[in-house]
Amino acid sequence: MTYCLGIITRSGLVLAADSRTNAGVDYISTYRKLFDFSLPGERVIILCSSGNLSITQAAISSLKKDIKVQQDVNLHNLPTFYDIARYIGDKTRQIVEQDRTWLEKDGIDYNCNFLLGGQIQGEEPELYLIYTQGNSIQATPETPFLQIGETKYGKPILDRTVTFETSVEVAAKAAILSIDSTMKSNISVGPPINLVMYETDSLAIAHHLELPLRDPYLAKLRKTWEVALNDAVESIPNIDWEYYAQEEKNDFPLD
């Protein structure tokens with residue numbers, strides 16, 4: 001399992017991913033799941049992957065090959081981000097169709113997803129979730145983040161802290177918290193965390209990092225968050241047990 005997320009705000013984009021891949025409790029490996037296909041000054045293209053590793057690696061390799069041999073259609077010459085999302089979806093679907101029969105024969109899950117984010121010169125930044133079937137959905141100001149993989153543990157933090165008006169700096173901190181909270185609750189998601197923060201119209205990745213398990217900033221962020229949560233819980237007014245006891249008595253009077 002894995003966990004990747006993308007956040008789009010008025011001031012930019014954040015994409016982040018863990019690095020753990022497992023095929024059972026006794027076979028856990030580390031693979032990078034965040035990839036940069038940018039052409040600085042012209043377009044920024046960041047891709048995160050989750051799901052069947054053989055499918056996603058084949059798709060990434062095919063995308064790189066098309067750029068290298070200057071294929072008529074590749075990530076560096078498509079005119080819009082929607083076209084790029086469809087192109088990646090088509091690649092994924094073709095690979096799945098080639099391998100599905102044999103994967104199904106051995107009971108192997110072939111599903112995978114991608115998060116695609118970035119900006120083409122002259123266009124607005126965009127963020128897409130691409131499915132195994134090749135279709136996609138786009139993030140909007142009303143739904144400014146997308147997730148793939150083990151999403152449930154990290155979603156509440158994003159729901160409560162991120163909007164389209166959130167600064168990209170705050171979005172980056174929320175992204176790390178979201179992944180760290182998922183790692184706390186699910187051992188199938190693990191470090192290092194890879195993160196890219198992109199500022200609108202810069203057309204270059206100026207901020208990227210990799211946080212291993214014992215990274216000082218990650219440890220400080222985790223401790224600060226835990227202390228803040230404990231303080232928040234302590235500050236909540238105590239339950240008025242007598243009030244609810246009286247309410248219960250009024251609702252269910254004894255004969």
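This text goes with the structure placed above it.
This one's a predicted model, so the numbers in the text were calculated from it and none came from an experiment.

Reading guide: rules and limits
- Residues numbered from 1 in each chain as written.
- Predicted model: local features only at pLDDT ≥ 70, side-chain atom pairs only at ≥ 80, totals over all residues.
- Heavy atoms only, no water.
- Pairing = 2+ DSSP bridges.
- Helix = DSSP H or I, 4+ residues; strand = E, 2+ residues; numbered from the N terminus.
- Axes fitted to C-alpha atoms, helices over the stretch in contact; angles between N-to-C directions.
- Contact = heavy atoms within 4.5 Å.
- Buried < 20%, exposed > 50% of the residue type's maximum accessible area, 1.4 Å probe, protein only.
- Expected span 1.5 Å × (residues − 1).

S.K.: Go over the sheet that holds strand β8 (residues 126-130), please, and point to the residues and values.
M.R.: In spatial order, the strands read β5-β6-β7-β8-β9; together these five strands make up an open sheet with antiparallel pairing. A single partner strand is all that each edge strand has here, and the edge strands are β5 (34-36) and β9 (136-138). Pairs of neighbouring strands in the sheet enclose a mean axial angle of 20°, with direction left out of account. Of the pairings in the sheet, the one linking β5 to strand β6 (residues 43-51) comprises three bridges and is antiparallel in character. Residue Phe 35 lies in a different strand from β6, and its bridge partner there is Leu 47. Docked against the sheet, helix α2 (residues 81-105) engages β6, β7 (112-120), β8 and β9, running at close to 155° with respect to β7.

S.K.: Account for unusual backbone geometry, with residues named and values stated.
M.R.: Of note, the bond from Pro 191 into Pro 192 is cis; its omega dihedral lies within 30 degrees of zero at 0°. The residue Pro 192 is located in the loop between α4 (168-185) and β11 (193-199) in this model. Even without glycine at this site, Gln 70 takes up a positive phi of about 55°. Residues other than glycine seldom take positive phi values, yet Asp 201 does so here, at roughly 70°. By the secondary structure assignment, Asp 201 is in the loop between β11 and β12 (207-211). Taking relative accessible area as the criterion, Asp 201 reaches 56% and is therefore assigned exposed.

S.K.: Lay out the pairing of strand β2 (residues 12-17) with the relevant residues and their values.
M.R.: Regular strands place their side chains on alternate faces of the sheet. With six of six residues buried, β2 is to be regarded as a mostly interior element. Residues Gly 12, Val 14 and Ala 16 of β2 are buried on one face, and the alternating residues Leu 13, Leu 15 and Ala 17, pointing to the opposite face, are buried as well. Note: strand β1 (residues 3-9) against β2, six bridges, orientation antiparallel. Residue Cys 4 lies in a different strand from β2, and its bridge partner there is Ala 17. Between the antiparallel neighbours β1 and β2 lie two residues. The pairing of β2 with β11 spans six bridges and is antiparallel. Directly across from Ala 16, in β11, lies its bridge partner Leu 195.

S.K.: With reference to specific residues and values, describe α4.
M.R.: Helix length check: α4, at 18 residues, gives a terminal C-alpha distance of 26 Å against a target of 26 Å (1.5 Å per residue), a fit within 8%. Counting buried positions over the 18 residues of α4 gives 13, a clear majority of the element.

S.K.: I'd love a proper account of the sheet that holds β2, names of residues and values included.
M.R.: If you walk across this open sheet you meet the five strands as β10-β1-β2-β11-β12, and the pairing is antiparallel. Whereas interior strands pair on both sides, the edge strands pair on one side only; in this sheet they are β10 (145-149) and β12. Averaged over all neighbouring strand pairs, the angle between strand axes comes to 10°, with direction disregarded. Across five bridges, the pairing between β1 and β10 is antiparallel. Within β10, the position partnered with Gly 6 by the bridge is Leu 146. The sheet strands contacting α4 are β1, β2, β11 and β12, and the helix crosses β11 at an angle near 165°.

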